[in-house]
Amino acid sequence: MKLQTLKNHIRFYPPHHFVYYPVLMLFLASSIYFALTTNDKLIWSFISIAFIFLFCLAYMLRQHYALTLQNRIIRLEMRYLYFSLTGKRFEEFEYKLNDDQIFALRFAPDNELAALVEDTLKNSLTGTAIKKAIIHWKGDYHRV
């Protein structure tokens, strides 16, 4: 497996990103073209709207369920990890951190996590700032 870093941690699902969406965009572009150039504007306009709806629906559903579950798992992971490393409960100050900060902290290795949490609480670091502050990146190879 390729070593994960700040520059390559974004993940794509090839059948979805490089097959389904391009084909759907091709059909959408074709239907819009026909809606503008043929005599059957009403039917092609309807088909174009249907493709737009399918595109939006597919994107929303694909993301929503997987990311909601993933976010919940990351929070649980961070609670467990922080407690096992420090003996203190993460929940005591978790409400002070936004999702972006918590999700960025998961890339910190064990020996950097407690210091990064303290720095984040003290200086209100953004998720991007937290990721840039990590010295030894810990990859998350199982995310959606």
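Notes on the structure follow. (Residues numbered from 1 in each chain as written. Predicted model: local features only at pLDDT ≥ 70, side-chain atom pairs only at ≥ 80, totals over all residues. Heavy atoms only, no water.)

### Structural notes on a nonpolar patch on the surface
So, step 1. Together, Tyr20, Phe53, Leu54, Leu57, Tyr59, Met60, Leu61 and Tyr65 give the surface a local cluster of nonpolar side chains, amounting to about 810 Å² of exposed area.
So, step 2. Looking at the nonpolar patch element by element, the count peaks at seven residues for helix H2 (residues 41-86).
So, step 3. Position of tyrosine 59 among the secondary structure elements: in helix H2.
So, step 4. Classification of tyrosine 59 as partly exposed rests on a relative accessible area of 43%. (Patch = residues over 30% accessible without salt bridge, like charges linked within 9 Å, V, L, I, M, F, W, Y side chains within 5 Å. Areas by Shrake-Rupley, 256 points an atom, 1.4 Å probe, with all protein chains shown as cover. Salt bridge = Lys/Arg side-chain N within 4 Å of Asp/Glu carboxyl O. Helix = DSSP H or I, 4+ residues; strand = E, 2+ residues; numbered from the N terminus. Buried < 20%, exposed > 50% of the residue type's maximum accessible area, 1.4 Å probe, protein only.)

### Quick notes on unusual backbone geometry
A negative phi angle characterises most non-glycine residues, just as the trans form characterises most peptide bonds.
So, step 1. Positive phi outside glycine occurs at serine 124, with the angle close to 50°.
So, step 2. For serine 124, a relative accessible area of 54% gives the class exposed.

### Considerations on helix H1 (residues 14-37)
An α-helix turns once every 3.6 residues. As a result, residues three or four positions apart point the same way.
So, step 1. With 24 residues, H1 extends 33 Å between its outermost C-alpha atoms, agreeing within 8% with the 34 Å of an ideal straight helix rising 1.5 Å per residue.
So, step 2. The axis of H1 is deflected most strongly, by about 25°, at tyrosine 20, and proline proline 22 appears within four residues downstream.
So, step 3. Those residues of H1 that fall on the buried side of the exposure criterion are His16, Tyr21, Leu24, Leu28, Ser31 and Ala35.
So, step 4. Elements in contact with the buried residues of H1: H2. (Expected span 1.5 Å × (residues − 1). Bend = angle between axes of the 7 residues up to and from the residue. Contact = heavy atoms within 4.5 Å.)

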